[in-house]
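# Understanding the architecture of this molecule
Okay, here's what each chain looks like letter by letter:
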Protein chains: 2
Amino acid sequence: MVDPKRVLQNLDELRALTSDEQGAQRVAWSPIWLKARAWFEEKLKDLPVEHHYDAAGNHWVTLSGQSEQALVIGSHLDSVPNGGWLDGCLGVLAGLEILTSLANEYNGKPPCTVRLVDWADEEGARFGRSLFGSSAFAGSHTINADRARTDREGTTLEAALRNCGIDVEHIDEAATEQKNIAAYLELHIEQGPILEKLAKSLGVVQGTKGVERWAITFHGQEVHSGSTPMEVRRDALAAAAKLALEIRPIARKHPQSVATMGSVKTFPGIVTAVVGRCEATLDMRDLDVSVLAGMLREAREASERFAKEERCSVQWSKIWSIEPIPFHPELIKLCEDAIVETAGTSEQLPSGPLHDAAEVARLGIPTVMMFVQSLNGLSHNRAEDTSRAHVEQAVVALHRLAAKTIEWIQQR
Amino acid sequence: MVDPKRVLQNLDELRALTSDEQGAQRVAWSPIWLKARAWFEEKLKDLPVEHHYDAAGNHWVTLSGQSEQALVIGSHLDSVPNGGWLDGCLGVLAGLEILTSLANEYNGKPPCTVRLVDWADEEGARFGRSLFGSSAFAGSHTINADRARTDREGTTLEAALRNCGIDVEHIDEAATEQKNIAAYLELHIEQGPILEKLAKSLGVVQGTKGVERWAITFHGQEVHSGSTPMEVRRDALAAAAKLALEIRPIARKHPQSVATMGSVKTFPGIVTAVVGRCEATLDMRDLDVSVLAGMLREAREASERFAKEERCSVQWSKIWSIEPIPFHPELIKLCEDAIVETAGTSEQLPSGPLHDAAEVARLGIPTVMMFVQSLNGLSHNRAEDTSRAHVEQAVVALHRLAAKTIEWIQQR
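Residues numbered from 1 in each chain as written. Chains lettered and ligands numbered in written order. Predicted model: local features only at pLDDT ≥ 70, side-chain atom pairs only at ≥ 80, totals over all residues. Heavy atoms only, no water.

## Topic: the overall build of chain A
Counting its regular elements, chain A contains 12 helices and 16 strands. Its C-alpha radius of gyration of 23 Å places chain A within 12% of the 22 Å reference for a compact globule of 412 residues. Along the first, second and third principal axes, the C-alpha atoms of chain A reach 85 × 45 × 40 Å. Of the contacts made within chain A by residues no fewer than 6 positions apart, 79% connect residues no fewer than 24 positions apart. Carbon and sulfur atoms provide 48% of the accessible area of chain A, an area that totals close to 15,400 Å². Here chain A contributes 43 positively and 57 negatively charged side chains, and the mean placements of these two sets differ by 5 Å. (Helix = DSSP H or I, 4+ residues; strand = E, 2+ residues; numbered from the N terminus. Rg over C-alpha atoms; globule rule 2.2 N^0.38 Å. Contact = heavy atoms within 4.5 Å. Areas by Shrake-Rupley, 256 points an atom, 1.4 Å probe, with all protein chains shown as cover. Lys, Arg positive; Asp, Glu negative; His and termini not counted. Charge placed at Lys NZ, Arg CZ, Asp CG, Glu CD.)

## Some points on the relation of the copies chain B and chain A
For the pair chain B and chain A, the superposition axis carries a translation of 0.2 Å, the fit reaches an RMSD of 0.2 Å, and the rotation angle comes to 179°. Overall, the copies show the geometry of a two-fold rotation axis. Nearest to the rotation axis, the C-alpha of B:Ala241 is located 2.2 Å from it, this being the minimum over chain B. Looking at chain B, 100% of its interface residues are interface residues in chain A too, so the copies touch through the same face. (Least-squares fit on C-alpha atoms with pLDDT ≥ 70 in both.)

## Things to note about the pairing of strand S11 (residues 264–267) of chain B
Residue and element names in this part refer to chain B. A one-sided burial pattern is seen for S11, the buried positions being Val264 and Thr266 and the unburied ones Lys265 and Phe267. Alignment of S11 against strand S12 (residues 277–286), held across 4 bridges, turns out to be antiparallel. Paired with Thr266 across the strands is Cys278, a residue of S12. (Buried < 20%, exposed > 50% of the residue type's maximum accessible area, 1.4 Å probe, protein only. Pairing = 2+ DSSP bridges.)

## Some words on the interface of chain B and chain A
Listed per partner, the contact involves 56 residues of chain B and 56 residues of chain A. Of the roughly 4,100 Å² buried where chain B meets chain A, counting both sides, 61% is carbon and sulfur surface. Counting the surface chain B buries against chain A, the share from its top three residues, B:Met230, B:Arg248 and B:Val271, is 16%. Across the contact surface, chain B and chain A share 2 salt bridges. At the boundary of chain B and chain A, one finds 12 residue pairs in polar contact (both at pLDDT 80 or more). Every element with two or more residues in the side of chain B that touches chain A is listed here: helix H7 (194–198), helix H8 (236–252), strand S10 (258–260), S11 and S12 of chain B. Among the elements that line the side of chain B that touches chain A, the one with the most residues is H8(B), at 9 residues. (Buried area = accessible area lost by both parts, 1.4 Å probe. Salt bridge = Lys/Arg side-chain N within 4 Å of Asp/Glu carboxyl O. Polar contact = N/O pair within 3.5 Å; in protein donor to acceptor, adjacent residues only side chain to side chain.)

## Focus: the packing of helix H1 (residues 4–18) of chain B against helix H2 (residues 31–43) of chain B
All names here are of chain B. Two numbers describe how H1 lies on H2: the axes approach to 10 Å, and their chain directions differ by 145°. Between H1 and H2 lies a crossing of right-handed hand. On H2, the residues touching Asn10, Glu13, Leu14, Leu17 and Thr18 of H1 are Ile32, Lys35, Ala36, Trp39 and Lys43. When the residues that make up the contact of H1 with H2 are grouped by side-chain class, the tally is 5 nonpolar, 2 polar and 3 charged. (Axes fitted to C-alpha atoms, helices over the stretch in contact; angles between N-to-C directions. Left-handed = near helix turned anticlockwise from the far one by under 90°. Nonpolar A, V, L, I, M, F, W, Y, C, P; charged D, E, K, R; others polar.)

## Describing the environment of B:Ser303
Residue and element names in this part refer to chain B. If you trace the backbone, Ser303 turns up in helix H9 (residues 289–309). Owing to a relative accessible area of 0%, Ser303 belongs among the buried residues under this scheme. As for Ser303 and Ser313, which are separated by 10 residues in sequence, their C-alpha atoms are 9.2 Å apart. Apart from the residues within four sequence positions on either side, Ser303 is in contact with Phe218, Leu243, Val314 and Trp316.

## Some words on the confidence of the model for chain A
Residues with a pLDDT of 70 or more make up 100% of chain A, whose mean pLDDT is 95. Across the interfaces of the predicted complex, the ipTM metric reaches 0.85, alongside a pTM of 0.85. (pLDDT = per-residue confidence, 0-100.)

## With respect to the packing of aromatic side chains
Going through the model one piece at a time under the given rule, you end up with 14 aromatic pairs over all chains. Aromatic pair A:Trp60 and A:Trp119: ring centres 5.5 Å apart, planes at 80°, arrangement edge-to-face. Here A:Trp60 is found in strand S4 (residues 59–63), whereas its partner A:Trp119 is found in the loop between strand S6 (112–118) and helix H4 (132–138), with 59 residues between them in sequence. Neither residue differs from the other here; A:Trp60 and A:Trp119 are each classed as buried. Measuring from ring centre to ring centre gives 5.6 Å for B:Trp60 and B:Phe137, while their planes differ by 40°; the resulting arrangement is tilted. Of this pair, B:Trp60 sits in strand S4 (residues 59–63) while B:Phe137 sits in helix H4 (residues 132–138); the two residues are 77 residues apart in sequence, bridging distant segments of the chain. (Phe/Tyr/Trp six-rings, centres within 6.5 Å; stacked < 30°, edge-to-face > 60°.)

## Comments concerning the pattern of salt bridges
Applying the stated criterion across every chain yields a total of 44 salt bridges over all chains. B:Glu97 serves as the salt-bridge partner of B:Arg6, at 2.8 Å between the closest nitrogen and oxygen. Note that B:Arg6 is positioned in helix H1 and B:Glu97 in helix H3 (residues 89–105), a separation of 91 residues in sequence. Where B:Lys253 meets B:Glu298, a salt bridge forms, and the shortest distance between an N and an O atom there is 2.3 Å. Here B:Lys253, found in the loop between H8 and S10, pairs with B:Glu298, found in helix H9; they are 45 residues apart in sequence, far enough to count as distant. Judged by its relative accessible area of 24%, B:Glu298 is partly exposed. Salt bridges linked by common partners bring A:Lys242, A:Glu309, A:Glu310 and B:Arg248 together as one network.

## What about H8(B)?
Residue and element names in this part refer to chain B. With 17 residues, H8 should cover 24 Å at 1.5 Å per step; its first-to-last C-alpha distance of 25 Å lies within 8% of that length. The buried fraction of H8 amounts to 14 of the 17 residues, a majority that puts the element mostly inside the structure. Where H8 begins, the side chain of Asp235 points an oxygen toward the backbone nitrogen of Leu237, at a separation of 2.9 Å. (Expected span 1.5 Å × (residues − 1).)

## A short note on the side chain of B:Asp118
Structurally, the position occupied by B:Asp118 is in strand S6 (residues 112–118). Once you skip the residues sitting within four places of it in the chain, B:Asp118 turns out to touch B:Arg37, B:Gly57, B:Asn58, B:His59, B:Ser75, B:His76, B:Leu77 and B:Val92.

## Things to note about the pairing of strand S16 (residues 367–372) of chain B
Residues and elements named next belong to chain B. When you tally the buried positions in S16, you get 6 out of 6 residues, the bulk of the element. In S16, alternate side chains face the same way, and those of Thr367, Met369 and Phe371 on one face and Val368, Met370 and Val372 on the other are all buried. Judged from the 6 bridges that link them, strand S7 (residues 181–189) and S16 form a sheet pairing that is parallel. Note that in S16 the partner of Leu187 across the bridge is Met370.

## Section: the side chain of A:Ser75
Along the chain, A:Ser75 turns up in strand S5 (residues 67–75). If sequence neighbours within four positions are ignored, A:Ser75 has contacts with A:Gly88, A:Gly91, A:Val92, A:Val117, A:Asp118, A:Trp119, A:Tyr184, A:Glu186, A:Leu187 and A:His188.

## Concerning unusual backbone geometry
All names here are of chain A. Here the bond from Phe267 into Pro268 is cis, since omega is 0°, no more than 30 degrees from zero. Summarising the element assignment, Pro268 is placed in the loop between strand S11 (264–267) and strand S12 (277–286). Even without glycine at this site, Trp29 takes up a positive phi of about 75°. Position of Trp29 relative to the elements: it lies in the loop between strand S2 (23–24) and helix H2 (31–43). In this model, Asp121 sits at a positive phi of 55°, which is unusual for a non-glycine residue. As for its placement among the helices and strands, Asp121 is situated in the loop between S6 and H4.

In structure tokens:
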């Protein structure tokens, strides 16, 4: 039988071991992260499993089954600096509990193989490269672009990896782990306010939203704030301010779209000068690829209109984008059933943040994620929280989902 | 006779001596500024004048007249880094030409004393304290607030002054120079686009606008840009963007008002987070004290309304303010006459930027300024320019104004 209280105990133990008063400090490739991984290895001692680290530092724990077809449950032990007590590690420790209970239920030999993966460096907190391990696994990693990345102290990603016994030249060999994977499940905290607002403890994730991330620069003219009449100004901030407000109705046309101007920089940025140049960032997300493309087009047209109105010019430069990644419809249905059986009610929602599951789903591996309610929508800081009762429900529901997925794999 | 071409020659000579390809480099208290002042002293050699530096580093050149009542013509040789070829030094070198021609016209003894002052550190470019010398002269200097100011290298204002032979403890003694001053005139480039737009070469300055300068901080909530629906956000940037746009109609209600948001800073200021805190600056100016107070009140009320709409809070913190300083009505009339006689047409306009003349006028000394047209409204960079014909007209008009003012002083 699955024991959700043991998951809470493990979470508390890990928190005591790897947090300080500012929060969790399990930044990937750091001594505290390695300590968390060593602690986790200890937890495997009495289980009938094989475990190893792949070429990219992902930790694979395998409970061999009667078939080589494998169900994989994954998440990550690494955290952002000053992180919360649940982000990532909930999924790994819940997965450990499912593996433990399946080993017991099937006397060490379930109908199909069950594997647990602790992905390396999901957060990208130190080198700015999220989903490091899962993208190496998926073959979507760009070694040459990433090997020269440095942290604040100037240490390269390559050197940090070498310290952890990983050779950046060979991380693509992690793709060998893809073999025989029949399905992938991931439990994560929502990190948003939707389930709390709906008073639901658990939800099925439909997929991860596509992201369009752009740098937008308005060029006007820097002039003296005291001597330049209002009507002759070419105020780059005014154009950017109009765009900051306009992206909101653009996003609100669609129920799940979001659009965010997260950074604005003004140049020269002094109290006595009209802003001559304004640099802003835009991040837009939606689960529907055509909705996302439409939003981007509308924002771009609006920026050109505002630039014209303010007699400025505007330039767009892409920072990064990713297409929406929908999860597997049959696994979505199984997840919905598992949640309803556990909590009485479910909800379907997309994930705004990216997760390792997106890299797995891109390969065509049937994938689904389950979200558990976050309190106040907060994450990536020590105020991140979820009620302990909801954590327990999540473990029970994940166990139900794993059982259903094993059955589904056998029937394919 | 006044020789306006000699002023142009001197301007060219000073430019060659104290500029590089980035523009003028006569930053106060620097070796290049001292070189400019030494060059200027050479120009006095053949004139029947006494000259000395006062306790604050202002340079006074005195042509004694039949009466001790003194007409003072002033401006400044210091520049911002990468400055223009006219800002400040035009007024000093035009003043030198007037002094020279008056000495000739009256055989070294005009009806009243005529003095020229080169104010020290008008720009405040290095230590952020504008009008240094003229405020010491006017007794409005705040020694204790300013002595600890440092430049980028950490040098204190006090130490920089000591290097130039000035003891910060005694700068208030510059006030002794106030004795017998009957009128003050200052010629300056407009640094704005108004005269050019009206196709007028010269204008009378009605006074310097009052300034209200504030730091405004909106507090919202930092949340994840991917997981937080639009309708639950508390976006501090949105509130600031509304204010950036609203200050414009507030200023446009009054023909000469200006309002500028020159700096916006976003926190955490990253592409993936809704702005939790937004810091902005506001600078508002008008010549009418009640108009200025009304604008400030409207902006403040608007900011509170926008904060409420966005479920943010807002704080205002004063950076600095100064009341409007009107110039002397009779000198304004004399200046108008001098300009019309020279250029055929004149214009009255307020000064948005502050000038040393404002410190003099605050003392109750009858004061007026004359503006010469700037091209494209540009200043404080090497693109600053004025047509050479307009510079010549300005010198002729200033000479006429000086003659009229000497007559006016005698008749009082």
